[in-house]
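Listed below, chain by chain, are the residues.
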Amino acid sequence: MTDGKAEDFKAAARAEAFARRAEAFAGGQGQAAEILADFLAPHRGKALSGYMPMRSEIDPLPAMAAHQGPVGVPVIVAKASPLRFREWSPGCRLVQGAFKAMIPEEGAWVEPEVMIVPMLAFDARGYRLGYGGGFYDRTLELLRSRGPVLAVGFAFAAQEVAEVPTDAFDQRLDAVVTEKGVTVFA
């Protein structure tokens, strides 16, 4: 598939995934955050990155707040660059960052060993469909070049699709947590 056709295919997949996620969001996330917190519990003490949920994203904040160790949230520093992560804690002062994402106004930079990764869709191979900026793929590639990093997708079960369209630079997830449970990819 040529790059143009691959991008058209991904754009169509994103539109469908947004609609599917919005419908799942309307139904509520049940015990998803608790399942995520339980999955992360063995990683206490490790630096964790989460995210500030936007629009219809599933909400990881309770699991982030329960983590025993440093927690960071993504900061976009430049287009087509890896993310950086600013230290976050419940109640910290937030300001609007790039793409209207809320980020801590100040705080130390955190280099995550465990990442909670948002998405539009995922498949049984462990691939995710993001928003198209490549930020998480670049970030995972960089961090994994330095050492092991556990990438945990967090989504509604309804976000699973038969196959996510992928490119050579797409990074696999190690696990996905949904309101229905945990899938670990071999």
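The coordinates are above.
Rules used throughout
- Residues numbered from 1 in each chain as written.
- Predicted model: local features only at pLDDT ≥ 70, side-chain atom pairs only at ≥ 80, totals over all residues.
- Heavy atoms only, no water.
- Pairing = 2+ DSSP bridges.
- Helix = DSSP H or I, 4+ residues; strand = E, 2+ residues; numbered from the N terminus.
- Contact = heavy atoms within 4.5 Å.
- Axes fitted to C-alpha atoms, helices over the stretch in contact; angles between N-to-C directions.
- 1 Å grid on protein atoms, 1.4 Å probe; cavity = no way out; pocket = protein on both sides within 12 Å on 5 of 7 lines; lining within 4 Å.
- Points joined across faces, edges and corners; volume = space filled by probe spheres on them.
- Nonpolar A, V, L, I, M, F, W, Y, C, P; charged D, E, K, R; others polar.
- Buried < 20%, exposed > 50% of the residue type's maximum accessible area, 1.4 Å probe, protein only.
- Core = buried A, V, L, I, M, F, W, Y, C linked by side-chain atoms within 4.5 Å.
- Phe/Tyr/Trp six-rings, centres within 6.5 Å; stacked < 30°, edge-to-face > 60°.
- Lys NZ or Arg CZ within 6 Å of the ring centre and 35° of its normal.

**Focus: the sheet that holds strand E7 (residues 114-117)**
Line of reasoning, step 1. In space, the eight strands of this open sheet follow the order E6-E3-E2-E1-E7-E10-E11-E12, with mixed pairing throughout. Of all strands in the sheet, those bounded by a partner on one side alone are strand E6 (109-110) and strand E12 (181-184).
Line of reasoning, step 2. Note: E7 against strand E10 (residues 150-154), four bridges, orientation parallel. Bridge pairing links Val-114 to Leu-150 in E10.
Line of reasoning, step 3. Strands in contact with helix H2 (residues 32-40) are strand E1 (48-49), E7, E10, strand E11 (175-178) and E12; relative to E11, the strand with the most contacts, it is inclined by about 145 degrees.
Line of reasoning, step 4. Contacts between helix H4 (residues 135-146) and the sheet are confined to strand E2 (71-75), strand E3 (84-87), E7 and E10, with E7 contributing the most and set at about 170 degrees to the helix.

**Examining the layout of surface pockets**
Line of reasoning, step 1. Quantified by volume, the largest pocket comes out at close to 740 Å³.
Line of reasoning, step 2. At the level of elements, helix H1 (3-26), E2, strand E5 (102-104), strand E9 (128-129) and H4 are the ones that each hand at least two residues to the lining of the largest pocket.
Line of reasoning, step 3. Across the lining of the largest pocket, the residue classes break down as 20 nonpolar, five polar and ten charged.
Line of reasoning, step 4. Counted as a void, the second largest pocket has a volume near 170 Å³.
Line of reasoning, step 5. Around the second largest pocket, the lining residues are Pro-82, Leu-83, Arg-84, Phe-85, Trp-109, Val-110, Glu-111, Pro-112, Thr-139, Leu-142, Leu-143 and Arg-146.
Line of reasoning, step 6. Elements supplying a minimum of two residues to the lining of the second largest pocket: E3, E6 and H4.
Line of reasoning, step 7. A per-element tally of the lining of the second largest pocket places H4 first, with four residues.
Line of reasoning, step 8. Considered class by class, the residues forming the lining of the second largest pocket number eight nonpolar, one polar and three charged.

**Regarding unusual backbone geometry**
Line of reasoning, step 1. Even without glycine at this site, Ala-80 takes up a positive phi of about 60 degrees.
Line of reasoning, step 2. Looking at the element boundaries, Ala-80 is found in the loop between E2 and E3.
Line of reasoning, step 3. Phi at Phe-99 is positive, roughly 55 degrees, even though this residue is not glycine.
Line of reasoning, step 4. Structurally, the position occupied by Phe-99 is in the loop between strand E4 (94-96) and E5.
Line of reasoning, step 5. Using a relative accessible area of 61% as the deciding quantity, one classes Phe-99 as exposed.

**Quick look at the nonpolar core**
Line of reasoning, step 1. By size, the foremost hydrophobic cluster in this structure holds 37 residues, and its most contacted members are Leu-36, Leu-40, Met-115, Ile-116, Phe-154 and Leu-173.
Line of reasoning, step 2. Listing elements by their share of this core, those giving two or more residues are H2, helix H3 (61-66), E2, E7, H4, E10 and E11.
Line of reasoning, step 3. Aside from chain neighbours lying at most four places away, what touches Leu-173 is Val-117, Met-119, Gly-126, Arg-128, Ala-151, Gly-153 and Phe-185.
Line of reasoning, step 4. Leu-120, Ala-121, Tyr-127 and Leu-129 belong to the second-largest nonpolar core, a separate cluster that totals six residues.

**A few points about the pairing of E10**
Line of reasoning, step 1. Within E10, four of the five residues are buried, which leaves it mostly tucked inside the rest of the structure.
Line of reasoning, step 2. Pairing of E10 with E11 involves three bridges; the strand directions are parallel. Its bridge partner lying in E11, Val-152 is registered against Ala-175.

**A few points about the packing of aromatic side chains**
Line of reasoning, step 1. Summed over the entire model, instances satisfying the criterion amount to three aromatic pairs.
Line of reasoning, step 2. Seen in terms of ring centroids, Phe-25 and Phe-156 are 6.5 Å apart; in terms of plane orientation they differ by 85 degrees. Their pairing is edge-to-face. Residue Phe-25 is located in helix H1, and its partner Phe-156 is located in the loop between E10 and E11; the two are separated by 131 residues in the primary sequence.
Line of reasoning, step 3. Take Phe-156: its relative accessible area is 1%, and that puts it in the buried class.
Line of reasoning, step 4. When the ring centre of Trp-109 is taken as reference, the NZ or CZ atom of Arg-84 above it lies at 4.0 Å.
Line of reasoning, step 5. Taking the ring centre of Trp-109 as reference, the NZ or CZ of Arg-86 above it sits at 4.3 Å.

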